[in-house]
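Residues per chain are reported as follows:
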Amino acid sequence: MSTQPMRPGLRATLSLEYPMSLGLYDSYEEAQGAVDYLSDHDFPVEDVLIVGTDLKQLERVTGRLTRGRVIGAGALSGAWLGLFVGTIFALFDPSGFNILNVVGTVVFGAVFGMIWAAVGYRLTRGQRDFTSVSQVVAAKYEVLCEHKHVQRGRELLVRMDPMRAAQEEVRRAREAEQARAAQVSQQHDPQGPPAQQPLPPPSA
């Protein structure tokens, strides 16, 4: 699946200067509540960013898709379109509003919708015989802010929820320790394990 590059203006809006973490939350509502609390206490929330991490797509299957359901949905969609177009033309008809013209347009739209839906269903060759709804969700939501405001932001969130703030301090300490351990390991072994040297050919 191809993705379009982010526009420069949008990239600037969705970026911070040296962002630092204020907290990690299990739901967007919790992250939103934290930002709302910061806003209520005159924190510069224009320098705050909510980032969803560990994205995953959920697809809920809602039913079985049959030829009859496809044709019926196509007829209904075409009928609504025909009703809209027929009403518009009837309202601006110099000879006056004619309900028969509207009914005829509805019937024509329903027939056209049935044919269009049947052709589209036939082209899929039964590869997706079900209906579903999908949504992209995040496992965690992290609230970030620019480094110059991080101390004040953390102090406010401590007042909001001291227990969560203590858990955040433990999490950040663990992440810092893991980063330090990885850096030490990289310094001791910058190139990884030595490659196995090939054996010399046997002497004649």
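This text follows the structure it describes.
Please read these numbers as outputs of a predicted model, since none were measured by experiment. (Residues numbered from 1 in each chain as written. Predicted model: local features only at pLDDT ≥ 70, side-chain atom pairs only at ≥ 80, totals over all residues. Heavy atoms only, no water.)

Draft legend 1. Focus on helix 6 (residues 162–188). The terminal C-alpha atoms of helix 6 lie 39 Å apart, and with 27 residues this matches the ideal 39 Å at 1.5 Å per residue to within 8%. Buried-residue contacts for helix 6 involve strand 1 (19–25), strand 3 (130–146) and helix 5 (150–160). (Helix = DSSP H or I, 4+ residues; strand = E, 2+ residues; numbered from the N terminus. Expected span 1.5 Å × (residues − 1). Contact = heavy atoms within 4.5 Å.)

Draft legend 2. Highlighting helix 5. Residues of helix 5 that are buried: Val150, Gly153, Arg154, Leu156 and Leu157. With its buried residues spanning 160° around the axis, helix 5 presents them on a single face. Opposite the buried face of helix 5, by more than 90 degrees, sit the exposed residues Gln151 and Arg159. Elements in contact with the buried residues of helix 5: strand 1, helix 2 (28–40), strand 3 and helix 6. (Buried < 20%, exposed > 50% of the residue type's maximum accessible area, 1.4 Å probe, protein only. Arc of directions from axis to C-beta.)

Draft legend 3. Geometry of the nonpolar core. The biggest cluster of nonpolar side chains holds 16 residues, and the ones touching the most others in it are Leu22 and Val143. Taken together, the elements giving at least two residues each to this core come down to strand 1, helix 2, strand 3 and helix 5. With five residues, the top contributor of residues to this core is helix 2. Beyond its immediate chain neighbours, meaning those up to four positions away, Leu22 contacts Leu38, Val143, Cys145, Val150, Gly153, Arg154, Leu157 and Arg172. (Core = buried A, V, L, I, M, F, W, Y, C linked by side-chain atoms within 4.5 Å.)

Draft legend 4. Seen up close, the sheet that holds strand 1. One open sheet accounts for three strands, arranged 1-3-2; its pairing is antiparallel. Both outer strands of the open sheet, strand 1 and strand 2 (48–64), are each paired with one neighbouring strand and no more. Along the sheet, successive strands turn relative to each other by an average axial angle of 30°, direction set aside. When strand 1 meets strand 3, the two strands line up antiparallel, connected through six bridges. Bridged to Pro19 within strand 3 is Glu146. (Pairing = 2+ DSSP bridges. Axes fitted to C-alpha atoms, helices over the stretch in contact; angles between N-to-C directions.)

Draft legend 5. Up close: the pattern of salt bridges. For the coordinates displayed, the defined rule picks out four salt bridges. The shortest N-O distance in the salt bridge between Lys140 and Asp26 comes to 2.3 Å. Here Lys140, found in strand 3, pairs with Asp26, found in the loop between strand 1 and helix 2; they are 114 residues apart in sequence, far enough to count as distant. Residue classification places Lys140 among the partly exposed positions, given a relative accessible area of 29%. Using a relative accessible area of 48% as the deciding quantity, one classes Asp26 as partly exposed. (Salt bridge = Lys/Arg side-chain N within 4 Å of Asp/Glu carboxyl O.)

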